[in-house]
Amino acid sequence: MARKTTNKPAHSTSQDSSFLCLQYIKRCGGSARLSSIHFSIGVIQTLINNNMVKINNTGAGIYVEVNDVV
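Residues numbered from 1 in each chain as written. Predicted model: local features only at pLDDT ≥ 70, side-chain atom pairs only at ≥ 80, totals over all residues. Heavy atoms only, no water.

Peer 1: Please explain the overall build of the protein chain as it appears in this structure.
Peer 2: From N to C terminus, the protein chain includes two helices and three strands. Written out in order from the N terminus, the α and β elements of the protein chain read α-β-α-β-β. Expressed as a percentage of the 70 residues in the protein chain, the buried residues total 24%. The long-range fraction of contacts in the protein chain, counting pairs at least 24 apart against all pairs at least 6 apart in sequence, stands at 45%. Within the structure as shown, the protein chain displays about 5300 Å² of accessible surface, and the carbon and sulfur contribution to it stands at 54%. (Helix = DSSP H or I, 4+ residues; strand = E, 2+ residues; numbered from the N terminus. Buried < 20%, exposed > 50% of the residue type's maximum accessible area, 1.4 Å probe, protein only. Contact = heavy atoms within 4.5 Å. Areas by Shrake-Rupley, 256 points an atom, 1.4 Å probe, with all protein chains shown as cover.)

Peer 1: What am I meant to see in unusual backbone geometry here?
Peer 2: Note on backbone geometry: most residues besides glycine have negative phi, and most peptide bonds are trans. Not every positive phi belongs to a glycine, and asparagine 51 is a case in point at roughly 55°. Checked against the element boundaries, asparagine 51 lands in the loop between helix 2 (41-49) and strand 2 (53-57).

Peer 1: Got a minute to help me understand the nonpolar core in this structure?
Peer 2: Counting residues in each nonpolar core, the largest one holds 11 residues, listed as Cys21, Leu22, Ile25, Ala32, Ile37, Val43, Ile44, Leu47, Val53, Val64 and Val66. For this core, the secondary structure elements donating two or more residues are helix 1 (12-27), helix 2 and strand 3 (62-66). What leucine 47 contacts, discounting residues up to four positions off in sequence, is Ser18, Cys21, Leu22, Met52 and Val53. (Core = buried A, V, L, I, M, F, W, Y, C linked by side-chain atoms within 4.5 Å.)

Peer 1: What exactly am I supposed to notice about the environment of aspartate 16 here?
Peer 2: Among the structural elements, aspartate 16 can be located in helix 1. A sequence separation of 27 residues divides aspartate 16 from valine 43, and the C-alpha atoms of the two residues are 9.5 Å apart.

Peer 1: Sorry if this is basic, but what is going on with the sheet that holds strand 2 here?
Peer 2: Sheet architecture is open: three strands sit in the order 1-3-2, paired in antiparallel fashion. Both edges of this open sheet fall to strand 1 (31-33) and strand 2, since each of them pairs with a single strand only. Shown here is a sheet whose adjacent strand axes are inclined to one another by a mean of 25°, direction ignored. (Pairing = 2+ DSSP bridges. Axes fitted to C-alpha atoms, helices over the stretch in contact; angles between N-to-C directions.)

Peer 1: How should I be thinking about the state of the cysteines in this particular structure?
Peer 2: Here a disulfide denotes a covalent bond joining the sulfur atom of one cysteine to the sulfur atom of another. Under the counting rule described, the total for this entry stands at zero disulfides. The thiol of cysteine 21 is unpaired, and the distance to the nearest cysteine sulfur, on cysteine 28, comes to 9.6 Å. (Disulfide = S-S within 2.5 Å.)

Structure representation (structure tokens):
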């Protein structure tokens, strides 16, 4: 029986999830409460490591914000 193979790289799922998470935060006005983001901590950590988002503790909650660094 022949095996079906795909040409997708193994890391594309992580990149896709990071892109979707970033788009979600942008749709929320550039800032979203951490507890409302339903992506894995690894996806959020990837965005932080790539300087795409930053964490802001406002005292009323922890927010993930799109980084304004160009």
